[in-house]
Amino acid sequence: MTCNKVSDDIEEEVKDKHGDYKVNAPNPVNSDPQFMGDYPEPKPTTSKIPDLPPSTEAPTESPALNRPPKPPGPALGPYFNFITTDLDKMLWMGSALIFRQISFDRPHIEFICDVNVDYDWEILYENLFDMCAYRINMSIELRSGEGNERINWKVDWGDKQTNGSFHVARLDGKWRGGFFSCNGFDATVSEQTASNLTYSDVWDHLLSIHDEDPLNLLIWGGDQNYIDFIFEDVPYLRAWTNMEWNEKWTTDFRDDVKEQVEQYHFYTYAENWQRRSEVRRALTSIPSIMMWDDHDIFDGAGSYPPLLHDSPVMMGMFLAAQKMRLLFQHHTTFDKARQHQLFGHQGHNFFARCGRNLAILGVDGRTERNTEIIHHEETWNLIFNKLENNLDGIEHLIVIFPVPFSFIRVRIAETIFEHMKNLPNKWRKLSPIKRTNSIFGLPELYDDLLDEWVHENHIEERNNTLRRFQQLAEEKRVRITYLSGDVHCCGVSRFQTRGSLRSPPINDAKLMYQIISSAIVNIPPSKTAIRVAHLFKTKWNPVPDTIEEILDFFERRAEDGKKAFHKKFRPNRNWCLLEECSNVASTTMTVMKKKRLRVLHHKDQLIAPAELGPTSNKKGEGDQEPPIHSHSQKGSCRERIQVDQQYIGTYDLKIRFWLESTQKHEEGRQFVSYDLLIPDLK
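Residues numbered from 1 in each chain as written. Predicted model: local features only at pLDDT ≥ 70, side-chain atom pairs only at ≥ 80, totals over all residues. Heavy atoms only, no water.

Enquirer: Help me understand the overall build of the chain in this model?
Expert: A count of helices and strands for the chain gives 17 helices and 24 strands. Within the chain, the fraction of its 682 residues that count as buried is 61%. Contacts in the chain between residues far apart in sequence, at least 24 positions, make up 76% of those at least 6 positions apart. When the accessible area of the chain is evaluated, it comes to approximately 27,000 Å², of which 48% is carbon and sulfur surface. (Helix = DSSP H or I, 4+ residues; strand = E, 2+ residues; numbered from the N terminus. Buried < 20%, exposed > 50% of the residue type's maximum accessible area, 1.4 Å probe, protein only. Contact = heavy atoms within 4.5 Å. Areas by Shrake-Rupley, 256 points an atom, 1.4 Å probe, with all protein chains shown as cover.)

Enquirer: When you look at the packing of helix α7 (residues 255-275) against helix α10 (residues 312-330) in this model, what are you seeing that I'm missing?
Expert: Packed helices, taken two at a time, are described by the angle between their axes plus the distance between the axes. The interhelical angle for the contact between α7 and α10, taken along N-to-C directions, is 35°, at an axis separation of 9 Å. You can see that α7 and α10 cross each other, and the crossing is right-handed. Touching V261, E262, H265, F266, Y269, A270 and W273 of α7 are M317, A320, A321, K323, M324, R325, L327, F328 and Q329, all from α10. When the residues that make up the contact of α7 with α10 are grouped by side-chain class, the tally is 11 nonpolar, two polar and three charged. (Axes fitted to C-alpha atoms, helices over the stretch in contact; angles between N-to-C directions. Left-handed = near helix turned anticlockwise from the far one by under 90°. Nonpolar A, V, L, I, M, F, W, Y, C, P; charged D, E, K, R; others polar.)

Enquirer: Got a minute to help me understand the packing of aromatic side chains in this structure?
Expert: To describe a pair of aromatic rings, you give the distance between the ring centres and the angle between the ring planes. In the structure shown here, the tally under the stated rule is 48 aromatic pairs. When the centroid spacing of 5.4 Å and the interplanar angle of 70° are considered together, the rings of F266 and F328 count as edge-to-face. Taken together, the residues span a long stretch of sequence, with F266 in helix α7 and F328 in helix α10 at a distance of 62 residues. F328 carries the same exposure label as F266, and that label is buried. Taking 4.5 Å as the distance between ring centres and 5° as the angle between the ring planes, the aromatic pair formed by Y269 and F328 counts as stacked. Taken as a pair, Y269 in helix α7 and F328 in helix α10 lie far apart in primary sequence, 59 residues in all. Like F328, Y269 is buried. Looking at R100, its charged tip hangs above the ring of F104, at a distance of 3.7 Å from the centre. For the cation-ring pair, K248 lies above W240, with the distance from its terminal atom to the ring centre recorded as 6.0 Å. (Phe/Tyr/Trp six-rings, centres within 6.5 Å; stacked < 30°, edge-to-face > 60°. Lys NZ or Arg CZ within 6 Å of the ring centre and 35° of its normal.)

Enquirer: How do you make sense of the sheet that holds strand β17 (residues 539-540) when you look at a structure like this?
Expert: By definition, the strands of a sheet pair up through backbone hydrogen bonds, in either a parallel or an antiparallel sense. Reading across the sheet, the eight strands line up as β11-β12-β13-β14-β16-β15-β18-β17 and stay open at both edges, with mixed pairing between neighbours. Where the open sheet ends on each side, the last strands, each with one partner, are β11 (350-354) and β17. As defined by bridge partners, strand β12 (residues 358-362) adjoins strand β13 (residues 396-400) across five bridges and the pair is classed as parallel. Note that in β13 the partner of L358 across the bridge is H396. Where helix α11 (residues 377-390) meets the sheet, it contacts β11, β12 and β13, and its direction lies at approximately 20° from that of β11. Along the sheet face, helix α16 (residues 459-476) touches β12, β13, β14 (479-484), β15 (491-497), β16 (512-516) and β18 (546-550) and points at about 145° away from the line of β14. (Pairing = 2+ DSSP bridges.)

Enquirer: How do you make sense of the nonpolar core when you look at a structure like this?
Expert: Within soluble globular proteins, side chains that are nonpolar tend to cluster in buried spots. Core analysis: the largest hydrophobic core is formed by 118 residues, its most contacted members being L237, L308 and F657. In terms of nonpolar packing, the next biggest core, distinct from the first, is built from 43 residues, L76, L124, Y125 and W658 among them. (Core = buried A, V, L, I, M, F, W, Y, C linked by side-chain atoms within 4.5 Å.)

Enquirer: For this particular structure, what's the right way to read the pairing of strand β8 (residues 176-180)?
Expert: In regular strands, side chains alternate between the two faces of the sheet. Within β8, five of the five residues are buried, which leaves the element mostly enclosed by the surrounding structure. Alternating residues of β8 divide into R176, G178 and F180 and G177 and F179, and every residue in both groups is buried. Across four bridges, the pairing between β8 and strand β19 (residues 574-580) is antiparallel. Its bridge partner lying in β19, G178 is registered against L577. For β8 and strand β9 (residues 217-220), the ladder comprises four bridges, and the chain directions are parallel. Directly across from F179, in β9, lies its bridge partner I219.

Enquirer: Is there a simple way to explain a positive patch on the surface in this structure?
Expert: There is a patch of like positive charges on the surface, built from K17, K426, K429 and K434. Mapped onto the elements, K434 comes out in helix α14 (residues 431-434). (Patch = residues over 30% accessible without salt bridge, like charges linked within 9 Å, V, L, I, M, F, W, Y side chains within 5 Å. Salt bridge = Lys/Arg side-chain N within 4 Å of Asp/Glu carboxyl O. Lys, Arg positive; Asp, Glu negative; His and termini not counted. Charge placed at Lys NZ, Arg CZ, Asp CG, Glu CD.)

Enquirer: Help me understand the pattern of salt bridges, please; the structure alone is not making it clear to me.
Expert: Where charged atoms from two side chains of opposite charge come close, those side chains can pair. Taken as a whole, this structure holds 35 salt bridges when the rule is applied. Between E122 and K336 there is a salt bridge whose closest N-O contact spans 3.1 Å. With a gap of 214 residues between them, E122 in strand β4 (residues 117-128) and K336 in the loop between α10 and β11 connect regions that are remote in the sequence. One salt bridge in this structure joins E548 and R462, with 2.9 Å as the shortest N-O distance. A residue pair is termed long-range when its members are at least 10 positions apart, and E548 in strand β18 and R462 in helix α16 qualify at 86 residues. Taken together, the salt bridges that share partners define one network made up of R176, D213, E579 and K654.

Enquirer: Hey, could you run me through α16 in this one?
Expert: Each turn of an α-helix holds 3.6 residues, which means side chains three or four residues apart point in the same direction. With 18 residues, α16 extends 25 Å between its outermost C-alpha atoms, agreeing within 8% with the 26 Å of an ideal straight helix rising 1.5 Å per residue. For α16, every residue scored as buried is listed here: I459, E461, R462, N463, T465, L466, F469, Q470, L472 and A473. R477 lies just past α16 and shows a positive phi near 50°. (Expected span 1.5 Å × (residues − 1).)

Enquirer: What should I look at first to understand α7 in this one?
Expert: Look at α7: 29 Å from first C-alpha to last across 21 residues, which is about the 30 Å you get at 1.5 Å a residue. Of all the 21 residues making up α7, 15 are buried; the element is thus mostly covered by neighbouring parts of the structure.

Following this line, the structure appears as structure tokens:
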């Protein structure tokens, strides 16, 4: 066979009859990347790329929309992260991230409290965009007893001083934490809509709850930043999105482009972390743990076919995002991530023990993702080995999956967009189809659907993982709860043993709740989208002897307390409070009256033990007002019913959704809560 014949055969494999590269074929210039972010060395060039334009402020209340983001000031931080508690050494372990302009000396930090605090400084980057990045490794004495230790801190920067405090739960203290996701507006949200909603309303309510009773932990569930605007703000990338199909997916990721992309990420983090006062206050007063999602990288990262996924620019964009994610979200670098307790085959997952009874697993759903898998099999083995060896004494395991582990299936839409994705590029450029495409030339919703655990491409991996979690729960007698965000609405799903095989809830190892809390900032879905979501099937039997169901959880509307017609998902911005509960002495608990959420004996179907919780004041502060249905109707529509003690554990976990009213009053927006009590496993 001649060389020309071989070349023609290869061309036929990767190109369609119109000469365009096929989306499902290997990328011709990067056919076998070894990891996400692996791209070929760019070719030498003497051409120069355009500089970033000067920053302009958008007409909204938040500086986070400066386009492009502004350089930071001379000092950033300290931003506190939680790592774990070491019960053998009786230590709370965490870190602080500080940036100082390189022309200044290293600042000094002091901790003032009643317990011992040991710390040491570590340089992560000596010069990163004229800033020195420091990590402070912290070990705080973990004393016996209940309640919290207040840890006051003070930083002397040389030219100024800053101070604050955070709270660490004692050994027998009950942890309180906040969970949220989607901390920004994406590129589809108009400036007027963003200005009307504001960045800070839901954050301000979260911080008002913290002021009343301190939170020990903030769990960030993905999309900490929205990098979407980078394709408009960086001139080279704007030109790249408009390149012809074949050129776009084979173009080099140049070193000077890499520098601009990393700078854009760095400045975006600095804007969100420091210039947004509500975020700065949270990061400096509540230790955080974080797991990223696609908008921290670019929309749909990982959920694209090989031609796009493996292209030099997409790979380079991912690597730049990973570098800044490790720095800002985990206070580490590529070289030090394993030393700093992140683990995985190629990804960066974490395990954190929160005192005696609670543990958290954060699962990196982006680094190893492609159209076929979400996690490499070796990563799953590392995760379950970690859990097998570290759950002694743990009553409750929280698993952070930024994308919901349980959600509606939309197979018809998946099929339609898969066909549209596979169309020759010539057809995708036709006006009716082009209008539905993303900036990458594929259907806008294609990557959103492929992101989901329940997509046809990923459901087998999801179900295999569910089985392993069920086995773990049974062997370790640990209750497992999933926390997720991503979808811009809130909801509750539940797994449990099917039918007549079901034990009482406190004994059912298959009883697992999926908590979806999204978004703390981004715009909720339209009412039409919520109505459509309720048309799909919401009950399945995913694995043997297991029933999975999206619950009718939200019985009343946050705006007026009237009965909600659509009860599974609510189109309200929200966040979620988590609290450890213990020593339940009474055999009674407050639940909604019959025909609302209630608890039944185990021979019947378990309905979530839930109720409407308190509301904020009209300014959107605190939790001191009665439930919305108590003061919107005459009398109370709650009743107290007897529940057998076997349904109530010793170390239950209370989940409180806080929903922002869509109605704006003169004083502000009110917040309404909905409570769920998750029993431990005996």
